[in-house]
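Structural characterization, general
Single-letter residue listing:
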Amino acid sequence: MRFIAQYDQMDCGPACLAMVSSHYGKNFSLQDLRSKSFITKEGVSLLGICEAAENTGYKTIALKTESEGFSKELLPCILHWNQNHFVVLYKISKNIITGKRTYKIADPGHGFVSLSEEKFKKSWISEGNKGIALFLEPTEDFYQHTPLQEETLSIKYLLKYLKPHQKQIYWMLLLLTLGTLITLIFPILTQKLIDEGVNKKNLSIIVYILLAQLAFFLGNIVINIFRNWIILVVGTKINIQIISDFLKKLLKLPIKFFDTKLMGDFSQRIQDHERIENFLTSQSLLTLFSIITFTAFFGILWYYDVRILTVYMVLTTVSVLWSLYWMKKRKILDYFRFQQRSENQESIYEIINGVSEMKLNQFEDFKRKEWESIQEKLFKINIRILKLDQIQLSGFEFINQLKNIIVTFLSAYFVIQGYMTLGALLSVSYIIGQMNSPVNQLISFFRSLQDAKLSLARLNEVQNNPEEEQEKQVPLLSKKYTEQNGIEKGIYFKDVSFQYEGPQSPYVLKNINLFIPEGKVTAIVGASGSGKTTLMKMLLKFYEPVSGEITFNHLNINDISPIDLRKNCGVVMQDGYIFSDTIERNIATSDEDIDYNRIEQALQTANINSFVDGLPLGLSTKIGASGNGISGGQKQRVLIARAVYKNPHFIFFDEATSALDAENEKIIHDNLQSFFKGKTVIIVAHRLSTVKNADQIIVLKNGEIAEQGNHQSLVDKKADYYNLVKNQLELGS
């Protein structure tokens, strides 16, 4: 069975399924299995893994069983581990002498692990003496199933980042070549110094040679200064370009991609790009320089004595192979370190952002201890990496030192036998010392290459994800939208259903048939969790219907460009975001040339002009990220002003005035009435004052339409809407 590490904190389920599939001879990509597992930010459920397994041709049985229930025929199977994780149990062995069992686990977050029965039960058993196991049996469909071939990014993909800097790279290569030539002169000068100067007692030759060495040494210093400067400039520009391209691609992905990721995962990926930049600039070019130097010294050593060269090359090959063997073992630990660092950053981010709530609920110690637990895991991984590094380095250094001693002994022996001069001995010693440096550099290069490949694998997930915007999609207000063809203009929901977590999960929306007329105000009401916000997000193409279709007149929402759709929508969401920027930039957002007349109108409509005028810097006042420094009501009014400034064709308000006091709400409500004229408006709200004047009111209950009509007709029905109004009036009194 092939070990597959999880890339992100939520990938353990798909990684386990990929490992089991490799046992049966099929290599599925993690990305493919992830998309079939319906992962959320909370992780993957057992139901999600079953869905993905059945989709790939397995017959699945999930059981609560005892540890004695495992037989060889049922392995490998997937276990629910420590109540929040999944691992693969692939082998159970029994000690002949003690009779005790050993359980072999493949943990996508830790590697291959052998556990005693006691430790196994401690992590697996959840209730009584039983734990949850998912047994997988491949069917004929599994063997006929062709895994999707995932495009993998190679080092070749990275070379495009070097192209714009060809001129600087040529300069660097020239400087590296000059540095190499200067280095080659030193052993020759050393031999001349001893043989021609010291042995012949010629002081003038000694002075000339030493002055020449000083001049060449100074030349090398100057070359290194220029080389380091070029590496810094090129490296910085490449790093900026790589991260910029990553963010550009990331922002083109659909919202559902972000639903499965944590902040720490993205932070770690951005840090990963530094390793790619380091490989492209520093390591690659320095290694090229080292190879040139090594080749040149190889030739000189050949000239001195081929026997010494043979001994040197044999032992150097042994030391390099030793290092590569341990580096292969180190590779998997890098995945685990990435994961723990991601978890660490997520924890810090949560502590900083949730400090108010933590203080209110005396949650500080718990969260701090949780962070310490993550540090403990990170420490253990770092210890494992350090052990491997020390074994690798110690062996490498020992073989190198042994090589130096043997070569020195051979050289000394040849001098004693008269085959070599004393100057040649010192020259050979110098060459051996200089050749060791390129070998060390080669090992560093292989490690950097390994790091870059691991970073590329994680980058691959983002780069290969399909973008939200597709070529054949058309603008929202295209000819097809403006055609009427005998139907009333507006938005149509036809048998629309939606689930967040796959076919077996509960429906958030079920069989929605709805018409939202053009140029009218439609209000959507219902209890919390009835699907109101989800319905609005589907209109914005954040999510696609599981079944049914949504059309804008005759235009299917799938055929509409998501960018153009949102360009024509003014939206205020429940969790609307305030950027760490000026008030004017928060309202005008992407407009490079701000229209101050429209800003003034937007401020007036949102009734926030008096607040802005009272600030020392007015519109240029900077507000903190997520609206720190302003009240909830002021934040909502900025968001309303942002939607009004766009002057869009569609207006979507999701609890847009929930944080406002009654007086402000009434003023804004009255201001919005004239702004709404000629626009298609959808308002999600609980407050009666916000919805009672709507042209139509939709009542959602458990994801289905319970009632539909205007305020008066729904009150007269005395059903769900009537109860909502009644409860609100009773609360109000």
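Residues numbered from 1 in each chain as written. Predicted model: local features only at pLDDT ≥ 70, side-chain atom pairs only at ≥ 80, totals over all residues. Heavy atoms only, no water.

Note the following rule: UniProt positions are given in the numbering used here, feature names are shortened, and annotations may be inferred rather than shown by experiment.
You'll find the chain entered in an unreviewed UniProt entry as ATP-binding cassette subfamily B protein, with Chryseobacterium geocarposphaerae given as the organism. Under Subcellular location (unreviewed entry), UniProt gives the following word-for-word description of the chain: "Cell membrane".

Points about the overall build of the chain
Condition: What counts as a helix is a DSSP run of H or I of at least four residues, what counts as a strand is a run of E of at least two, and both are numbered from the N terminus. Put simply, the radius of gyration uses C-alpha atoms, and a globule should come to 2.2 Å times the residue count raised to 0.38. When a residue's accessible area, from a 1.4 Å probe over protein chains only, is under 20% of the maximum for its type it is buried; when over 50% it is exposed; and in between it is partly exposed. By definition in these notes, contact holds between two residues if any of their heavy atoms fall within 4.5 Å. In these tables, accessible area is a Shrake-Rupley quantity obtained with a 1.4 Å probe, and a residue counts as shielded only by the protein chains included in the view. As used throughout, the charge tally considers Lys and Arg to be positive and Asp and Glu to be negative, leaving His and the chain termini uncounted. Charged groups are reduced to one reference atom each: NZ for lysine, CZ for arginine, CG for aspartic acid, CD for glutamic acid.
Counting its secondary structure elements, the chain contains 25 helices and 19 strands. Over its C-alpha trace the chain gives a radius of gyration of 34 Å, far above what one expects of a compact globule, namely 27 Å for 733 residues. Principal-axis analysis of the C-alpha atoms gives the chain an extent of 120 × 75 × 55 Å. Going through the 733 residues of the chain one by one, you find that 49% of them count as buried. Look at the contacts in the chain between residues 6 or more apart in sequence, and 74% of them connect residues 24 or more apart. As displayed, the chain offers around 37200 Å² of accessible surface, 56% of which is attributable to carbon and sulfur atoms. With 80 positive and 75 negative side-chain charges, the chain shows a separation of 7 Å between the mean positions of the two kinds.

Section: the pattern of salt bridges
Worth spelling out the cut-off: What counts as a salt bridge is simple: a side-chain nitrogen of Lys or Arg found within 4 Å of a carboxyl oxygen of Asp or Glu.
Overall, the coordinates contain 12 salt bridges when judged by the stated rule. With its nearest N and O atoms 3.5 Å apart, the salt bridge here joins Asp 365 to Arg 368. Taken together, the positions of Asp 365 and Arg 368, both in helix H13 (residues 364-416) and 3 residues apart, correspond to about one turn of that helix. One network of salt bridges, in which partners are shared, links Asp 365, Arg 368 and Glu 372.

A closer look at the sheet that holds strand E19 (residues 704-709)
Under the convention used in this document: Should DSSP find at least two bridges between two strands, the strands are regarded as paired. An axis is simply a line fitted to the C-alpha atoms; with a helix, the fit covers only the stretch in contact. Between two such axes, the angle follows the N-to-C directions and lies from 0 to 180 degrees.
Pairing is mixed in the open sheet, where 6 strands are placed in the order E13-E16-E17-E10-E18-E19. The open sheet terminates on both sides in strands that have one partner only, identified here as strand E13 (569-572) and E19. Across this sheet, the average inter-strand angle for adjacent strands is 15 degrees, counted without regard to direction. Two strands pair when backbone bridges link them, and strand E10 (residues 521-526) and strand E18 (residues 696-701) are joined in this way by 5 bridges, in the parallel orientation. Among the inter-strand pairings, Thr 522 is bridged to a residue of E18, identified as Gln 696.

Observations concerning the sheet that holds strand E9 (residues 509-517)
The strand order E9-E8-E11-E12 describes an open sheet built from 4 strands, whose pairing is antiparallel. Looking along the sheet, the strands with just one partner apiece sit at the ends: E9 and strand E12 (555-556). Judged from the 5 bridges that link them, strand E8 (residues 490-498) and strand E11 (residues 547-552) form a sheet pairing that is antiparallel. Residue pairing across strands places Phe 493 opposite Ile 550, the latter belonging to E11.

Things to note about the UniProt feature "transmembrane region" (unreviewed entry) in the chain
Sequence positions flagged by UniProt for "transmembrane region" (unreviewed entry) are, in local numbering, residues 169-190, 202-223, 285-304, 310-327 and 405-432. Between the C-alpha atoms that bound residues 202-223 the distance is 32 Å, and the span itself is 95% helix and 0% strand. Regarding residues 405-432, the helix share stands at 82% and the strand share at 0%, and the terminal C-alpha atoms are separated by 11 Å.

Some thoughts on the side chain of Asn 609
Tracing the backbone shows Asn 609 in helix H20 (residues 609-613). Judged by its relative accessible area of 18%, Asn 609 is buried. Among all residues touching Asn 609, those that are not within four sequence positions of it are Glu 600, Leu 603 and Gln 604.

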